[in-house]
Amino acid sequence: MPDILVYTKTFCGYCVWAKRLLESKDVDFAEVNVSGDRELMQQMIQRSGGRLTAPQIFIGSIHVGGYDELAALEARGELDTLLAKHAHNGSDRPAGDDPTNHQAEKENAVSENHRPVIILGSGCAGLTAAIYTARANLTPLVISGREFGGQLYTTTDVENFPGFPEGVQGPDLIENMKAQAERFGAEIMIGHAEKLEVAERPFGVILEGGARYTCDALIVATGASPKEIGVPGELDLRGYGVSTCATCDAAFFRDRPIAVVGGGDSALEEALFLTKFASKVTIIHRRDEFRASPVMAERALANERVEMMWNTQVKEFVGSSKTGLQAVRTVDVNTGEEQDLAVDGCFIAIGHDPNTALLRDLAVDLDDLGYVTEGDRPLPYTAIEGVFVAGDIHDHHYRQAITAAGYGCRAALDTERWLTNRLMGA
Ligand code: NAP
């Protein structure tokens, strides 16, 4: 086996993020795509101790785990050291031995790390802001966040983005936006901002691992992440049967019974996608009617592989990393009756929380749920002059790919105007 090996699947956003992170380290690695190959899939599951999710990453004899674990190693500053022991790269220098680590060169790098505009987030909002600011010659730097491409990257068919009469795959749409932004001079890097310094300009953006970039204006488009139910077993069984991404993990549940939690468009979309793989899909919803749009509700209820558990909450995920998920323990909200629903997989799709932790201690107005709200000036402006916001971090109403793109455009145009006014001394 090669020293660094990544098992991947087709249409797997996390796999792309893992590969991008390794590529950013300039190391050679082998990729084994297990899609459609049961033998390879079994090999991956066996080597990874029963993990039912891709990617699975091995560095030397160490099983790192999935993308989250790889990113956590990077965040703790341990990835470079681990790679250095096993990696080969173009120049044959060990990974992590960055020649710019020398103090003098580091100091020179300070000015190279300055951009007129930095955009945090590489989803629809961030990449649209990148296209617009790049076209305005503002040479934006996009810092991807942990999950390049955001929510669209783990979506399959996008049927309502204008301009695609036959629909478009979420990852394709994102890759096209990225290419469009790069064509006009945007730079897109894999990285995760850990801290913002906005007390004075130029602003500072500190990344996990310590790199520091500065900018005159900042567009925060960090999006939203899947919500957790908050019940026992949910986190322990992630990757062992519990998932938040059907497109990533559906293939592991071919001909097996699975459940989906939620009653919104995401839950029904995931459920319908999963019917192509699973023997049966039980949708567990806490009320007796869907929040989802009528067209999605109609499609889900008409599908013969879909069964409904109305008025039902999840109480616990039963199983262990050895056995995998064995059952979802549910409770009827009306009668209090408990039941163990035997399933091999459960997909949680109950909405998202805004990724605004970075803004929490700053003078940006946030509501009780953590969404950015309007202060004295209308969004995309914030109370910090020069800091703009776009997308799901403030929009809990529409939350569509097209509205996120629109918000990205809006933030870019206002950023450009604001920078021009400053240059003209207005
Ligand atoms: P959502 O519309 O907020 O729906 C979340 C669902 O999860 C609701 O049914 C909610 O129940 C349930 N839920 C929330 N917290 C829960 C908990 N702790 N335990 C159990 N259930 C819980 O979120 P979404 O489905 O992710 O959709 C977000 C937005 O994206 C929406 O505007 C949607 O229209 C859009 N979207 C569109 C498409 C499409 O057009 N193809 C696809 C996906 C998403 P209640 O109903 O009881 O509140």
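Residues numbered from 1 in each chain as written. Predicted model: local features only at pLDDT ≥ 70, side-chain atom pairs only at ≥ 80, totals over all residues. Heavy atoms only, no water.

Regarding the sheet that holds strand 16 (residues 280–284)
How we decide: DSSP calls a pair of strands paired once it identifies at least 2 bridges connecting them. Strands here are runs of E lasting at least two residues and helices are runs of H or I lasting at least four, both read from the DSSP assignment and numbered beginning at the N terminus. The contact criterion used throughout is that any non-hydrogen atoms of two residues lie within 4.5 Å. In this analysis an axis means a line fitted to C-alpha atoms, helices contributing only their contacting stretch, and an angle means the value between N-to-C directions, from 0 to 180 degrees.
The strand order across the open sheet built from five strands is 14-21-15-16-17, with neighbouring strands paired in parallel fashion. Both outer strands of the open sheet, strand 14 (242–243) and strand 17 (306–309), are each paired with one neighbouring strand and no more. As paired strands, strand 15 (residues 257–261) and strand 16 are joined by five bridges and run parallel to one another. Counted as the bridge partner of Val260 is Ile283 from strand 16. Contacting strand 15, strand 16 and strand 21 (345–348), helix 9 (residues 265–274) runs over the sheet at an angle of about 165° to strand 15.

A short note on the environment of Asp68
Within the fold, Asp68 resides in helix 3 (residues 67–75). Through-space distance from the C-alpha of Asp68 to that of Trp17 is 9.7 Å; in sequence the pair is 51 residues apart.

Thoughts on the sheet that holds strand 1 (residues 4–8)
If you walk across this open sheet you meet the four strands as 2-1-3-4, and the pairing is mixed. Edge positions in the sheet fall to strand 2 (30–33) and strand 4 (62–65), since each has one partner strand and no second. Adjacent strand axes in the sheet meet at a mean angle of 20°, parallel and antiparallel pairs treated alike. For strand 1 and strand 2, the ladder comprises four bridges, and the chain directions are parallel. Looking at the pairing, Thr8 lines up with Asn33 of strand 2.

Details of the pattern of salt bridges
Note that side chains of opposite charge can pair when their charged atoms are close. To keep things clear, this is the line we draw: A carboxyl oxygen of Asp or Glu within 4 Å of a side-chain nitrogen of Lys or Arg is what we treat as a salt bridge. Relative accessibility thresholds used throughout: buried, under 20% of the residue-type maximum; exposed, over 50%; partly exposed, between the two (1.4 Å probe, protein chains only).
For the structure shown, the criterion picks out 18 salt bridges. Its salt-bridge partner being Glu69, residue Arg51 comes within 3.3 Å of it at the nearest N-O pair. One end of the pair, Arg51, is in the loop between helix 2 (38–47) and strand 3 (56–59); the other, Glu69, is in helix 3, and 18 residues separate them in sequence. Among the residues examined, Arg51 registers a relative accessible area of 10% and is labelled buried. In this structure, Arg212 and Glu197 form a salt bridge, with 2.7 Å as the shortest nitrogen-oxygen distance. In this pair, Arg212 sits in strand 12 (residues 212–220) while Glu197 sits in strand 10 (residues 193–197), placing the two residues 15 residues apart along the sequence. Note on Arg212: relative accessible area 38%, which makes it partly exposed. Taken together, the salt bridges that share partners define one network made up of Lys25, Glu74 and Asp80.

Here's the deal with helix 4 (residues 79–86)
Using the following cut-off: Regarding the arc, it is the one traced by the directions from the helix axis to the C-beta atoms.
Among all positions of helix 4, only Leu79, Leu82, Leu83 and His86 are buried. Projected down its long axis, helix 4 carries its buried residues within an arc of 95°, all on one side. Looking at the buried positions of helix 4, the neighbouring elements they touch are strand 1, helix 1 (13–24), strand 3, strand 4 and helix 3.

Examining the environment of Leu22
By the element assignment, Leu22 lies in helix 1. Taking the C-alpha atoms as reference, Leu22 lies 9.9 Å from Asp80; in sequence the two are 58 residues apart. Residues in contact with Leu22, not counting those within four places in the same chain, are Ile4, Val6, Val27, Phe29, Leu70 and Leu83.

Focus on the packing of helix 6 (residues 124–135) against helix 7 (residues 170–183)
The test is simple: Here roughly perpendicular refers to angles of 65 to 115 degrees, roughly parallel to angles under 35, roughly antiparallel to angles over 145, and oblique to all remaining angles. Each crossing is labelled by how the near helix is turned from the far one, with a counterclockwise turn of less than a right angle marking it left-handed and a clockwise turn marking it right-handed. In this classification, Asp, Glu, Lys and Arg are treated as charged, Ala, Val, Leu, Ile, Met, Phe, Trp, Tyr, Cys and Pro as nonpolar, and every other residue, Gly included, as polar.
Contact geometry for helix 6 and helix 7: axes closest at 8 Å, N-to-C directions at 20°. The angle between helix 6 and helix 7 places the two elements in the roughly parallel class. When the axes of helix 6 and helix 7 are compared, the crossing they make is left-handed. Here helix 6 contributes Cys124, Leu127, Thr128, Ala130, Ile131 and Ala134 to the contact with helix 7, which in turn contributes Ile174, Met177, Lys178, Gln180 and Ala181. Of the residues assigned to the contact of helix 6 with helix 7, the class counts are eight nonpolar, two polar and one charged.

Examining the domain arrangement of the protein chain
Where the parts come together, the accessible area they lose is often given as the size of the interface. In plain terms, the rule: Start and end points for every domain follow an automatic or database-based domain assignment. Here's the idea: put two parts together, see how much 1.4 Å probe accessible area each one loses, and the total over both is what we call buried area. The definition of a polar contact used here is a pair of N or O atoms within 3.5 Å, where within protein one atom must be able to donate a hydrogen and the other to accept one, and adjacent residues in sequence count solely through side-chain atom pairs.
We note that the domain assignment places domain 1 (4–86), domain 2 (110–225 + 353–423) and domain 3 (242–350) within the protein chain. The C-alpha-based centres of domain 2 and domain 3 are spaced at 33 Å. Contact with domain 2, which involves five residues of that partner, is made by six residues of domain 3. Of the roughly 420 Å² buried between domain 2 and domain 3 on both sides combined, carbon and sulfur atoms contribute 48%. Taken as a group, Thr154, Thr156 and Glu159 account for 77% of the area that domain 2 buries against domain 3, more than any other trio of residues on that side. A salt bridge links Glu159 to Arg299, with the shortest nitrogen-to-oxygen separation between them at 3.6 Å. Joining domain 2 to domain 3, the criterion identifies zero residue pairs in polar contact (both at pLDDT 80 or more).

Observations regarding helix 7
Rule in force here: Here a helix's expected span is defined as the number of its residues, less one, multiplied by 1.5 Å.
The end-to-end C-alpha separation of helix 7 is 20 Å, in line with the 20 Å expected for 14 residues at 1.5 Å each. Here helix 7 has its buried residues at Gly170, Pro171, Leu173, Ile174, Met177, Lys178 and Ala181. All buried residues of helix 7 project into a common sector of 160° when viewed along the axis, lining one side. Check the buried side of helix 7 and you find it contacts helix 1, helix 6, strand 7 (157–158), strand 8 (168–169) and strand 9 (187–189). Backbone geometry just after helix 7 places Gly185 at a positive phi near 105°.

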